[in-house]
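Structural features, examined
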Number of protein chains: 2
Amino acid sequence: MLNLQADVAELTEQLVNVASVSGNEQVLADAVQRSLELSPWLEVTRISNTVIARTNLGRDQRVILAGHLDTVPPANNQSAVRVPAGVALPTGAAAKGEAIFGLGSCDMKAGVAVALHAAATIKEPVVDVTYVFYECEEVEGARNGLTLVSNAQPELLQANVAVLLEPSNAAIEAGCQGTLRARVTAHGVRAHSARSWRGSNAIHSLTGALTTLNNYSADVVLVDGLEYREGLNAVAVSGGIAGNVIPDEASLVVNYRYAPSVSAQQAQQRITDLFADYAVEILDNEQGALPGLTNPALAKLIELVDGKIAAKFGWTDVARFAKLGIPAVNLGPGDPQLAHSADEHVLVADIEHTSALITEWLTK
Amino acid sequence: MLNLQADVAELTEQLVNVASVSGNEQVLADAVQRSLELSPWLEVTRISNTVIARTNLGRDQRVILAGHLDTVPPANNQSAVRVPAGVALPTGAAAKGEAIFGLGSCDMKAGVAVALHAAATIKEPVVDVTYVFYECEEVEGARNGLTLVSNAQPELLQANVAVLLEPSNAAIEAGCQGTLRARVTAHGVRAHSARSWRGSNAIHSLTGALTTLNNYSADVVLVDGLEYREGLNAVAVSGGIAGNVIPDEASLVVNYRYAPSVSAQQAQQRITDLFADYAVEILDNEQGALPGLTNPALAKLIELVDGKIAAKFGWTDVARFAKLGIPAVNLGPGDPQLAHSADEHVLVADIEHTSALITEWLTK
């Protein structure tokens with residue numbers, strides 16, 4: 001059992017000390033479920049290893065607070081270690097203040113602690129709240145708890161706005177960019193390299209595609225006052241048969257990161273147009289999410305963070321909520337640059353600050 | 001035992017019917033050795049599975065006739081099949097006249113038959129002759145019978161000129177081009193592809209090298225009246241870490257085929273100069289062989305082929321003789337394009353024509 005009334009830093013330590021690598025969230029999900037069921041104002045639902053707790057106060061607005069329970073595999077950092085300010089770990093790792101080190105501390109058990117604490121202590125929020133603690137965020141999308149719930153009981157995810165408590169240094173990261181990957185293939189004619197003029201070299205034929213990438217000027221797109229910076233890059237190249245053969249096939253994999261104001265279809269069209277001289281195969285294409293900052297349910301939150309709002313470049317679960325028609329932002333304790341690192345940690349002050357901010361949002 | 005007195009087409013059939021995939025030449029080498037030992041005018045030496053037979057008539061000139069005993073692995077064509085003109089095999093394969101099909105028929109048991117027949121029937125050639133039947137031509141150079149003999153007993157390979165009876169449509173293929181392979185690597189800075197401007201894309205940085213390859217104008221070099229056509233080609237390209245990472249390394253493997261008048265050192269300098277903006281690693285570099293057609297020992301042979309002389313573009317064992325200071329040419333029955341194919345075959349007329357030509361060269 002977890003003590004959700006404990007202060008949020010201590011609760012973070014409790015959560016880190018229950019291992020929950022993706023696919024192995026059951027023990028933690030059980031503890032979360034039983035602890036939430038102690039609060040009679042919450043309606044608790046369990047779907048696989050995702051736990052959902054809802055208030056039903058008949059408020060005009062409903063907001064979602066969401067966090068994933070899973071972590072990446074450990075890097076010799078399974079246990080929580082609380083380290084005073086100015087003290088370094090035996091590994092040499094040091095934080096900028098009093099901090100909790102350990103697997104998942106930053107990504108994102110500190111955020112989960114903030115949401116659990118709010119659920120267990122705020123009996124009468126000014127908006128109805130749906131708390132979502134979900135499984136398998138760190139692995140393929142088909143296993144993601146949000147996907148499972150939106151397929152099984154989509155009504156549980158209805159809300160006016162969602163806040164994902166992913167590490168963002170307690171600032172709002174709004175929207176997210178789309179991401180498309182495509183294979184761009186050149187074809188040629190195979191020949192012995194001693195008589196290369198009889199063939200047509202597919203690797204040489206990639207020159208045009210690479211020149212296109214080199215000359216590409218990435219757009220900077222303004223949405224809701226936020227700057228989204230696009231990018232078009234080769235992330236892989238391959239070709240070749242043997243040391244004495246002119247190859248008849250060579251290909252690039254390109255990754256297009258596009259602004260949330262661009263649709264998936266528009267993104268695909270841009271790529272097929274840019275590489276019209278090649279065979280283009282779309283490998284995957286996930287549309288981004290608009291920041292949705294004009295939504296009234298977010299207005300108060302924006303005030304509370306004191307204007308600390310940035311565009312999100314990477315693709316995140318914010319886009320899953322966008323697909324369900326729910327504006328979403330990231331807002332959580334911890335530095336996102338520390339996620340997945342062996343020195344992962346979160347500042348105690350950062351957890352407490354975020355908790356105060358969320359409490360104020362839900363109660364004032 | 002082989003019947004070396006048989007006509008050369010029949011002898012070719014006998015040779016095809018003794019399996020001798022590279023590394024398994026012992027049975028064939030034994031048969032060749034015993035058969036040659038029946039001719040008292042030949043001094044026969046055995047080194048591993050290479051058999052050398054020499055006349056010692058005190059002539060002014062000594063020539064080498066050489067052929068390899070090994071074949072590539074079978075392609076369901078282990079046995080010799082003699083097919084009359086105008087008849088197709090059950091596989092649909094057809095020749096341009098009466099032909100012998102089967103593994104090694106073209107590459108190069110027909111040539112070996114011509115040399116064995118000459119050794120066993122020409123008792124008093126006008127030049128001294130060293131017949132060389134060697135192992136492991138189809139595999140790495142360290143196992144090649146010519147390498148073994150030149151290390152163990154180099155004096156056995158002393159001669160004024162060498163003729164390799166490799167398939168060349170009974171024409172002279174003179175010299176051979178050099179071949180160099182180099183890895184050309186671009187370095188960059190790794191970054192997340194959602195924030196690509198923080199990195200430097202090594203795949204994109206290959207554009208310059210590919211443009212160099214595309215713009216490269218290959219030299220046509222005249223040596224001894226023969227045109228050698230050079231070539232510079234990418235034969236492999238690789239790079240990429242993950243679908244969301246800007247790669248910090250990408251590389252091409254280029255293959256430079258250079259004229260026999262260019263030294264290995266000059267070739268290396270050209271490549272390092274061409275790709276001065278990149279890290280260049282030389283993977284291998286085998287100098288070619290000058291055609292040596294001005295050598296008096298070849299003059300009569302050139303007359304006999306009626307001017308059918310072509311430059312050799314691929315690298316062959318001719319270069320091994322060149323390294324030993326012996327001018328060498330390819331001249332043998334069979335179409336080199338058929339080598340290593342499942343439909344490999346040799347025309348009976350081609351074998352007989354080459355045999356007559358060699359006999360005339362050695363006796364008139």
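See the structure above.
Here the structure is a predicted model, which means the values were calculated and not measured.

1. Quick notes on helix α4 (residues 145-152) of chain B
All names here are of chain B. If you check which residues of α4 are buried, you get G145, L146, T147 and V149. Contacts made by the buried residues of α4 are with β1 (43-47), β2 (50-54), β6 (128-134) and α8 (318-323). One side-chain oxygen of the residue at the start of α4 lies 2.8 Å from the amide nitrogen of L146, identifying that residue as N144.

2. Points about the relation of the copies chain B and chain A
Between chain B and chain A, the superposition needs a rotation of 179 degrees and an axial shift of 0.1 Å, giving an RMSD of 0.2 Å. Here the copies are linked by what is in effect a two-fold axis. Distance from the rotation axis, computed per C-alpha, reaches its smallest value in chain B at S238(B): 2.3 Å. Looking at chain B, 100% of its interface residues are interface residues in chain A too, so the copies touch through the same face.

3. A look at the environment of L213(B)
In this fold, L213(B) is placed in helix α5 (residues 207-215). Along the primary structure L213(B) and R198(B) are separated by 15 residues, whereas in three dimensions their C-alpha atoms are 29 Å apart.

4. With respect to the interface of chain B and chain A
Every contact between the two is made by 42 residues of chain B and, on the other side, 42 residues of chain A. Of the roughly 3,200 Å² buried at the junction of chain B and chain A (both faces included), carbon and sulfur atoms supply 55%. Its largest share of buried area at the contact with chain A, chain B owes to W197(B), H204(B) and V237(B), together 19% of the area lost on that side. Our count for the chain B to chain A interface comes out at 0 salt bridges. Looking at the side of chain B that touches chain A element by element, the count peaks at 10 residues for strand β13 (residues 231-240) of chain B. Across the side of chain B that touches chain A, the residue classes tally to 18 nonpolar, 18 polar and 6 charged.

5. Points about the environment of N169(A)
All names here are of chain A. Along the polypeptide, N169 turns up in the loop between β7 (161-164) and β8 (172-174). Given a relative accessible area of 41%, N169 falls into the partly exposed group. In this structure, the C-alpha to C-alpha distance between N169 and T12, residues 157 residues apart in sequence, is 16 Å. Sequence-distant contacts of N169, defined by excluding residues within four places in its chain, comprise G332, G334, D335, P336 and D350.

6. A few points about the sheet that holds strand β5 (residues 99-101) of chain A
Residues and elements named next belong to chain A. Spatially, the 3 strands line up as an open sheet ordered β4-β5-β19, and their pairing is antiparallel. Every interior strand has two partners, whereas the edge strands, β4 (81-83) and β19 (345-347), have only one. Each strand of the sheet is rotated relative to its neighbour by a mean of 20 degrees, with strand direction disregarded. Of the pairings in the sheet, the one linking β5 to β19 comprises 3 bridges and is antiparallel in character.

7. A few points about the side chain of H345(B)
All names here are of chain B. With respect to the element layout, H345 can be found in strand β19 (residues 345-347). Residue class for H345 comes out buried when judged on its relative accessible area of 10%. Of the polar contacts made by the side chain of H345, one reaches the backbone oxygen of D343; its length is 2.7 Å. Those residues in contact with H345 that lie beyond four places of it in its chain are A94, A95, A99, I100, F101, S105, C106 and L338.

8. Quick word on the nonpolar core
One broad rule of soluble globular proteins: the nonpolar side chains tend to lie buried together. Y131(A), L252(A), L362(A), Y131(B), L252(B) and L362(B) are the most contacted members of the largest nonpolar core, which totals 171 residues. Excluding anything up to four places from it in sequence, L252(B) contacts I203(A), A182(B), R183(B), V184(B), L206(B), A209(B), L210(B), L213(B), A234(B), A236(B) and V237(B).

9. Remarks on the pairing of β13(B)
Among the 10 residues in β13(B), 7 count as buried, and that is most of the element. The sheet contact formed by strand β13 (residues 231-240) of chain A and β13(B) spans 5 bridges and is antiparallel. Opposite V237(A), over in β13(B), you have G239(B) as the bridge partner.

10. A few points about the packing of aromatic side chains
Applying the stated criterion across every chain yields a total of 4 aromatic pairs over all chains. Ring plane angle 80 degrees and centroid distance 5.1 Å describe the contact between F313(A) and W197(B), whose orientation is recorded as edge-to-face. Of this pair, F313(A) sits in the loop between β17 (309-311) and α8 (318-323) while W197(B) sits in the loop between β10 (191-192) and α5, which puts the two residues in different chains. Residue classification places F313(A) among the buried positions, given a relative accessible area of 11%. Look at W197(B) and you get partly exposed, because its relative accessible area is 29%.

11. So, unusual backbone geometry
Residue and element names in this part refer to chain A. A cis amide bond, omega -5 degrees, links D107 with the succeeding residue M108. Mapped onto the elements, M108 comes out in helix α3 (residues 105-121). The phi torsion at D306 lies on the positive side, around 65 degrees, for a residue other than glycine. Topologically, D306 is positioned in the loop between α7 (296-304) and β17.

12. Looking at the sheet that holds β19(B)
Adjacent strands of a sheet pair through backbone hydrogen bonds, lying either parallel or antiparallel. All names here are of chain B. Ordered in space as β4-β5-β19, the 3 strands form an open sheet in which the pairing is antiparallel. A strand with exactly one partner marks an edge of an open sheet, and here the two such strands are β4 (81-83) and β19. This sheet shows a mean twist of 20 degrees between the axes of neighbouring strands, independent of strand direction. Lying over the sheet, helix α9 (residues 348-363) contacts β4, β5 (99-101) and β19, oriented at roughly 60 degrees with respect to β19.

13. Concerning the packing of helix α1 (residues 8-16) of chain B against α9(B)
Residues and elements named next belong to chain B. For the pair α1 and α9, the least separation of the axes is 9 Å and the interaxial angle reads 115 degrees. Classified by the interaxial angle, the pair formed by α1 and α9 is roughly perpendicular. Seen along the crossing, α1 lies across α9 with a hand that is right-handed. The residues of α9 that touch α1, namely those facing V8, A9 and T12, are V348, I351, E352 and S355. Split by residue class, the contact of α1 with α9 holds 4 nonpolar, 2 polar and 1 charged.

Conventions we followed
- Residues numbered from 1 in each chain as written.
- Chains lettered and ligands numbered in written order.
- Predicted model: local features only at pLDDT ≥ 70, side-chain atom pairs only at ≥ 80, totals over all residues.
- Heavy atoms only, no water.
- Buried < 20%, exposed > 50% of the residue type's maximum accessible area, 1.4 Å probe, protein only.
- Helix = DSSP H or I, 4+ residues; strand = E, 2+ residues; numbered from the N terminus.
- Contact = heavy atoms within 4.5 Å.
- Polar contact = N/O pair within 3.5 Å; in protein donor to acceptor, adjacent residues only side chain to side chain.
- Least-squares fit on C-alpha atoms with pLDDT ≥ 70 in both.
- Buried area = accessible area lost by both parts, 1.4 Å probe.
- Salt bridge = Lys/Arg side-chain N within 4 Å of Asp/Glu carboxyl O.
- Nonpolar A, V, L, I, M, F, W, Y, C, P; charged D, E, K, R; others polar.
- Pairing = 2+ DSSP bridges.
- Axes fitted to C-alpha atoms, helices over the stretch in contact; angles between N-to-C directions.
- Core = buried A, V, L, I, M, F, W, Y, C linked by side-chain atoms within 4.5 Å.
- Phe/Tyr/Trp six-rings, centres within 6.5 Å; stacked < 30°, edge-to-face > 60°.
- Parallel < 35°, antiparallel > 145°, perpendicular 65-115°, else oblique.
- Left-handed = near helix turned anticlockwise from the far one by under 90°.

Any functional reading would require information that these geometric values do not contain.
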